[in-house]
Amino acid sequence: MSALTISDNVRKFLHYTAWLTIVLLLSACGVKQVVVKGEFPSPLVSKLPLTLGVWYGDDFANHEFFDETTDRAESDWKVTTGQAQVQMWDILLGGMFENLVHLKTRPTADSRNQSIDAVLIPHVEEFQYALPKQTNIKVYEIWMRYRFEMVTNGGDAIAEWSMTAYGKTPTAFLQSSEAAVNLAAVMALRDAGAHFVVNFARVPAVQEWLQRTTKREHD
Amino acid sequence: MHRVLLLAAAVVLLSGCVTTTVDELIFNEPTEGIGESTVVILGRRHGSDQGTEPDFITCVGKHISKRDKSIVVTGEVDFLNSLYPWFEPRTAPLSLADLRKLIRREPVARRMAELNTRYIIWIGGSTERVDSGGSMSCTIGPGGGGCFGFAYWSDEANYEAVIWDFADQAEVGRVNTTAFGQSYIPAIIIPIPLIAPVQGTACNGMGDKLLKFLSGKY
């Protein structure tokens, strides 16, 4: 009777193990989804005494990247960065400028807000990723190219420039590929913030605008 | 008691061998430890290589603070967040001249004073797989399962720590650690991993040398 019970338990165990193996094999061929989540610190800078408006277009606020693989052994990837983008840029710009105002629409001559000195409109132009399987290096990488438009409160162009951001994270024991891609994306967003802080005032058109605006504020 | 001995014997038998070398070059060692000041250990990640693993940085920090509880090691992430964006891979000072330029920024100088950081230790390098081979296959069926074969791999760790004295704004020492180890998995029905703890050994070697530098007790 006891031998029969053990035999039944072994059969049950093997049955579940076989199902688990099938599920694991099938899951390898599905879509791997990452909704990027992270914490972003406020920049340690002296705030510019200006009021900046920011408008996140739908493409930016809901930004996602989808890569359909051609290799049947690999998975498709869907990386959603929109929410994390808005979170990071809100914290960064809030730490760089005295006041930050969110706009619901793109500024136009009709919707002019006189209290705003300028409006920043960020765009994600390109997004690329690389996995250790593809590169044979033990690193997950994310690369992004941004385009920034800076316009007056009436929508006239002040400056337009591009900027890249890069994040990488080494593979770690017991870390899933989704967690590693998330971390690489967070690193790329942090890098975007660092790049923006360092280079914002060096963009020639922004530099001219800053000189004009701060002089006007002083007068 | 027997169980503990058996477990210890199993751990020893199931570990692969690691050879390690630690070199140091100290210019100006504190005679009585670092006192009330804090130390931060940061990984170098600006290059195109994989960058220093965060796990390794955490391991060295834990090794130091566990052996000498009076040493306050600021966590890497906490330090990076509180000085964001000035110690990110793109912006981190690569030389003491860069550091001097950085602390001319008033908010940075103020934050560094708040953190009371005396030593900044930069660790560069990584652990990489240099060789692997063999083969092992596992099968599972209604009648049972098992593995058969033999797999092996070799890891090599190479790290260098550069110690900056923030108060004097000078480099006060360098510690270099290399470790090499080969791991095996022989399998006859059950795979038996014999793992060489290469990164852990390098961490202990680096931690011990840094401890000798930072602590008055060692």
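Everything numeric in this text was worked out from a predicted model, so none of it was measured.

Turning to the overall build of chain B, a few remarks are in order. Counting its regular elements, chain B contains six helices and six strands. The globule rule puts the C-alpha radius of gyration for 218 residues at 17 Å, and the 21 Å found for chain B is more than 25% above it. For chain B, the C-alpha atoms occupy an extent of roughly 70 × 40 × 30 Å along the three principal directions. Relative to its full complement of 218 residues, chain B shows a buried share of 41%. At a minimum sequence separation of 6, the contacts of chain B that also span at least 24 residues come to 73%. Here chain B contributes 20 positively and 24 negatively charged side chains, and the mean placements of these two sets differ by 4 Å.

The next thing to look at is the overall build of chain A. Of regular secondary structure, chain A possesses six helices and eight strands. Going from the N terminus to the C terminus, chain A shows its helices and strands as α-β-β-α-β-β-α-β-β-α-β-β-α-α. By the burial criterion, 43% of the 219 residues in chain A qualify as buried. Pairs at least 24 apart in sequence give 71% of the contacts found in chain A among residues at least 6 apart. Roughly 12100 Å² of accessible area belongs to chain A as shown, and the carbon and sulfur atoms make up 54% of that amount.

Attention now goes to the interface of chain B and chain A. Chain B puts 28 residues into the contact, and the matching count from chain A is 24 residues. Between chain B and chain A, a total of about 2100 Å² is buried, with carbon and sulfur atoms accounting for 61% of that surface. On the chain B side of the interface with chain A, the three residues burying the most area are B:Q50, B:Y84 and B:R90, jointly 36% of the side's total. At the boundary of chain B with chain A, the tally comes to two salt bridges. In this structure, A:R190 engages B:E88 in a salt bridge whose closest nitrogen and oxygen atoms are separated by 2.8 Å. One can count ten residue pairs in polar contact (both at pLDDT 80 or more) joining chain B with chain A.

Moving on, we come to the state of the cysteines. All names here are of chain B. All told, the structure shown has two disulfides over all chains when counted by the stated rule. Sulfur-sulfur distance for the disulfide between C59 and C203 comes to 2.0 Å. Across the S-S bond linking C59 and C203, the dihedral sits near -100°, which makes this disulfide left-handed. With C59 in helix α2 (residues 54-67) and C203 in helix α6 (residues 198-214), this pair connects stretches of sequence that are 144 residues apart. Overall, the relative accessible area of 27% leaves C59 in the partly exposed class. By relative accessible area, which is 0% here, C203 ends up buried. Each sulfur in the disulfide pair C138 and C147 lies 2.1 Å from the other. Its torsion about the S-S bond being 110°, the disulfide of C138 and C147 is classed as right-handed.

Here the focus is the environment of B:G43. All names here are of chain B. Within the secondary structure, G43 is located in strand β2 (residues 38-43). For the pair G43 and G125, spaced 82 residues apart in sequence, the C-alpha to C-alpha distance is 8.5 Å. Look past the residues within four positions of G43 in its chain and what remains in contact with it is T52, I57, E76, W122 and I123.

A separate point is the pattern of salt bridges. Residue and element names in this part refer to chain B. Inspection of the entire model under this criterion finds 20 salt bridges over all chains. With a closest N to O distance of 3.0 Å, R45 and E76 form a salt bridge. Of this pair, R45 sits in the loop between β2 and α2 while E76 sits in helix α3 (residues 76-82), and the two are 31 residues apart along the sequence. E76 matches R45 in its accessibility class, with the two residues each being buried. Among the salt bridges present, the one from R174 reaches E160, with a minimum N-O distance of 3.4 Å. With a gap of 14 residues between them, R174 in strand β6 (residues 170-191) and E160 in strand β5 (residues 144-165) connect regions that are remote in the sequence. According to the relative accessible area criterion, R174 is partly exposed, its value standing at 30%.

Excluding glycine, a negative phi dihedral is what most residues carry, and trans is how most peptide bonds are arranged. Residue and element names in this part refer to chain B. Of note, the amide linkage connecting Y84 to P85 takes the cis form, showing an omega dihedral of 5°. Structurally, P85 can be placed in the loop between α3 and α4 (96-102). One non-glycine residue, N116, adopts positive backbone phi at about 55°. By the secondary structure assignment, N116 is in the loop between α5 (106-115) and β4 (117-141).

On to the pairing of β2(B), then. Residue and element names in this part refer to chain B. Taking burial as the measure, the six residues of β2 include six buried ones, the bulk of the element. Residues T38, V40 and L42 of β2 are buried on one face, and the alternating residues V39, I41 and G43, pointing to the opposite face, are buried as well. In the sheet, β2 pairs with strand β3 (residues 72-74) via three bridges, with the strands oriented parallel. Across the sheet, T38 pairs through a bridge with V72, a residue of β3.

Turning our attention to the sheet that holds strand β6 (residues 118-130) of chain A. Residues and elements named next belong to chain A. Taken together, five strands build an open sheet; the order of strands is β5-β2-β6-β7-β8 and the sheet is mixed. Strands with a single pairing partner mark the edges of an open sheet, and in this sheet they are β5 (97-102) and β8 (157-170). Each adjacent strand pair in this sheet contributes to an overall mean axis angle of 30°, direction not counted. In this structure, strand β2 (residues 48-54) lies alongside β6, joined through three bridges in parallel fashion.

Rules of the game
- In this numbering scheme, every chain counts its residues from 1 along its sequence in written order.
- Whichever chain is written first is A, and whichever ligand is written first is 1; the rest continue in order.
- Given that this is a predicted model, residues contribute local features only at a pLDDT of at least 70 and side-chain atom pairs are listed and counted only at 80 or more, while totals for whole chains, interfaces and linings are drawn from all residues.
- Hydrogen atoms and water are omitted, and side-chain values are computed over all heavy atoms in the structure.
- The numbering of helices and of strands both runs from the N terminus, where a helix is a DSSP run of H or I of at least 4 residues and a strand a run of E of at least 2.
- With the radius of gyration taken over C-alpha atoms, the globule rule is written as 2.2 Å times the number of residues to the power 0.38.
- Only protein chains enter the accessibility calculation, which uses a 1.4 Å probe; a residue is then buried when its area is under 20% of its type maximum, exposed when over 50%, and partly exposed in between.
- In this analysis, two residues are considered to be in contact whenever any of their non-hydrogen atoms come within 4.5 Å of each other.
- For the purpose of counting charges, residues Lys and Arg are taken to be positive, whereas Asp and Glu are taken to be negative. His and the chain ends are not included.
- By convention, the point assigned to a charge is CZ for Arg, NZ for Lys, CD for Glu and CG for Asp.
- Note on areas: Shrake-Rupley with a 1.4 Å probe; residue coverage comes only from the protein chains shown.
- Buried surface area refers to the total accessible area, computed with a probe of radius 1.4 Å, that the two partners give up upon joining, counted for both partners together.
- Throughout this description, the term salt bridge denotes a Lys or Arg side-chain nitrogen within 4 Å of a carboxyl oxygen of Asp or Glu.
- Polar contacts here mean pairs of N or O atoms no more than 3.5 Å apart (in protein, one a potential hydrogen donor and the other a potential acceptor; neighbouring residues in sequence count only if both atoms are side-chain atoms).
- When the sulfur atoms of two cysteines come within 2.5 Å, that pair is taken as a disulfide.
- DSSP-based pairing: two strands are paired if at least 2 bridges between them are found.
- To define axes, lines are fitted to C-alpha atoms, for helices over the stretch in contact only, and angles between the resulting N-to-C directions are given on a 0 to 180 degree scale.

Geometric values such as these leave the question of function open.
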